[in-house]
Amino acid sequence: MQRRNFLKLSAGTAIAAAFASRATAQAGVKEIRIGYQKTGVLVITRQQASLEKHFTPQGIEVKWVEFSSGPPMMEAMNVGSIDYGAVGDSPPVFAQAAGAAIVYAAGQPITNGQGILVPKDSPIRVIADLKGKRIGFTKGSSAHNVVVQTLEKAGLTYADITPVYLTPPDAGPAFANGSIDAWAIWDPYFAIGETKQSGRILINSREVTKTNSFYIANRDFAKNHGPILQQIVDVTTATGKWAEQHRDEVAKSLAAVTGVPLDIQTVAANRSNFVIGPVTDDIVATQQGVADRFYRLGLIPKPVVIRDIVWRSAAT
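Undergrad: Residues and numbers for the overall build of the chain, please.
TA: Within the chain, the secondary structure is distributed over 13 helices and 10 strands. Dimensions along the principal axes, computed over C-alpha positions, put the chain at roughly 85 × 40 × 30 Å. Within the chain, the fraction of its 316 residues that count as buried is 52%. Summed over its atoms, the accessible surface of the chain is roughly 14000 Å², and 53% of this surface lies on carbon and sulfur atoms. On the chain, the mean spot of the 32 positive side-chain charges and the mean spot of the 26 negative ones are 6 Å from each other.

Below is the structure:
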C-alpha cells in the first residue's frame, strides 16, 4: 500500500474510531436524572430547559428530582437514582466517608447567601453567645460546616452547643416558634428567615471561612458516560454565565420553578455567585480542610482524600 493511501486510511480510521467511541459512550443512555434544590444554577437550567434542548436531538430525556438538602441527594446518587446534582461542601464529604459512589465534576465558590440567623430580639449578639444554645441545621449539610467553623472562630467547641438536626422545611417553623435559638442555613431559606421570620444575621459564612458548592456525579455514570457528563457540565456552566448577567430574570426563574415568592428569590439571586468552573487545586485544598476538620471532631468515621474522587474529563 502506498504511504499516502496508508495515511489517509489511518486518519479515516482514527476519525471513525472517535465517532464510534462517542456513540458507544452514549449508547444505552435514554435518560439523564438531575437532582436539584430550591436555588442555584440547576433551577435556572431547568426553567430554561437548557439540558432538554441540548439532549433531545440525541434521543436523551432529562428527568428532574427535587431535594430539600444535599445529604438525601447524595444517598440517591450513591444508589444510582440520580446521575448529577448540586450540593454544598459538606454532603460529599460525609458521602465519601461512607463509601458513596460519587465524584466531583465541577466547583462553584460561595461568596454569600448562607450563615447563622438568630431572632431579631435575641440576646445573642456575638458568636461567643452561642455557648449553651440550641442551633438548628441539617446534619451533613454546608450549614454543618458553617456552624463548626463559626464556633472555632470564637474559641468554642462543638460540645459547647446543642445541635438540633433539622431539614430546612422543619427548621423554619422551629426558628419561628422559638424551639431553636439560632438557625444555620442557606438561601433561599436564609432569605426567608431574614425577611419573613424576623431573623437577624449573626454571621455570614464569608466572614468565617471560604466555602464552595459542587456539581457531583454518580461515579459509574462518570466512568461509563464521560462525554455526556462533560456536556452536562458545559451546559450548566453556560447557564451560570448567563445568570451572572441577568439576575432579575434569574429571580423570576427561581420563583417559577420552586414556588418560593419572587421577593425572596430576588434577595437570593442578587447576592449569589453563579460562576462554575473546574475543581481547582485551591478548591480541593479548601474541601480537604472541611473533611479533615470533620474527622477530627468525630463527625465522619474515617479520613478521606478529596482528590481521590475528583473527576477529570478526557478534555483535561
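Moving on, there is more to tell.
Undergrad: Report on the sheet that holds strand β3 (residues 84–87), specifying residues and quantitative values.
TA: Pairing between sheet strands relies on hydrogen bonds along the backbone, with the strands arranged either parallel or antiparallel. Strand order across the open sheet formed by five strands is β2-β1-β3-β10-β4, with mixed pairing between neighbours. The sheet terminates laterally at β2 (61–66) and β4 (102–110), the two strands that pair on one side only. Ignoring strand direction, the axes of neighbouring strands in this sheet form an average angle of 20 degrees. By the bridge criterion, eight bridges tie β4 to strand β10 (residues 211–218) in an arrangement that is antiparallel. Among the inter-strand pairings, P109 is bridged to a residue of β10, identified as N212.

Undergrad: How would you sum up the packing of aromatic side chains? Please name residues and give values.
TA: Inspection of the entire model under this criterion finds seven aromatic pairs. With centroids separated by 5.1 Å and ring planes inclined at 55 degrees, the aromatic side chains of F94 and F294 adopt a geometry described as tilted. Residue F94 is found in helix α5 (residues 90–97), and its partner F294 is found in helix α13 (residues 281–296); the two are separated by 200 residues along the sequence. Accessibility expressed as a relative area gives 0% for F294, which makes it buried.

Undergrad: Provide a residue-level description of the packing of α5 against α13, including the pertinent values.
TA: Between α5 and α13, whose axes approach to 10 Å, the crossing angle comes to 60 degrees. If you check the angle between α5 and α13, you find them oblique. Seen from above, α5 lies across α13 with right-handed handedness. Every residue of α13 that contacts α5 at S90, P92, V93 and F94 is listed here: Q287, V290, A291 and F294. In terms of residue class, the contact of α5 with α13 is made up of six nonpolar, two polar and no charged.

Undergrad: Please provide a residue-by-residue account of the pairing of strand β5 (residues 114–119), values included.
TA: Within β5, five of the six residues are buried, which leaves it mostly tucked inside the rest of the structure. In the sheet, β5 pairs with strand β8 (residues 182–186) via four bridges, with the strands oriented antiparallel. If you follow Q114 over to β8, its bridge partner there is W186. Sheet topology places β5 next to strand β9 (residues 199–204); five bridges connect them, and they run antiparallel.

Undergrad: Go over the pattern of salt bridges with me, naming the residues and quoting the values.
TA: For the structure shown, the criterion picks out nine salt bridges. Note that K196 and D263 form a salt bridge whose closest N and O atoms lie 2.9 Å from each other. Taken together, the residues span a long stretch of sequence, with K196 in the loop between α8 (189–195) and β9 and D263 in helix α12 (residues 262–270) at a distance of 67 residues. The partly exposed category is assigned to D263, whose relative accessible area is 42%. Put simply, K210 and D282 hold a salt bridge, and the shortest N to O gap is 3.2 Å. One end of the pair, K210, is in the loop between β9 and β10; the other, D282, is in helix α13, with 72 residues separating them in the sequence. In this structure D282 comes out as partly exposed when scored by relative accessible area, which is 46%. Salt bridges sharing common partners tie together D187, E194 and R271.

Rules and cut-offs
Residues numbered from 1 in each chain as written. Predicted model: local features only at pLDDT ≥ 70, side-chain atom pairs only at ≥ 80, totals over all residues. Heavy atoms only, no water. Helix = DSSP H or I, 4+ residues; strand = E, 2+ residues; numbered from the N terminus. Buried < 20%, exposed > 50% of the residue type's maximum accessible area, 1.4 Å probe, protein only. Areas by Shrake-Rupley, 256 points an atom, 1.4 Å probe, with all protein chains shown as cover. Lys, Arg positive; Asp, Glu negative; His and termini not counted. Charge placed at Lys NZ, Arg CZ, Asp CG, Glu CD. Pairing = 2+ DSSP bridges. Axes fitted to C-alpha atoms, helices over the stretch in contact; angles between N-to-C directions. Phe/Tyr/Trp six-rings, centres within 6.5 Å; stacked < 30°, edge-to-face > 60°. Parallel < 35°, antiparallel > 145°, perpendicular 65-115°, else oblique. Left-handed = near helix turned anticlockwise from the far one by under 90°. Contact = heavy atoms within 4.5 Å. Nonpolar A, V, L, I, M, F, W, Y, C, P; charged D, E, K, R; others polar. Salt bridge = Lys/Arg side-chain N within 4 Å of Asp/Glu carboxyl O.

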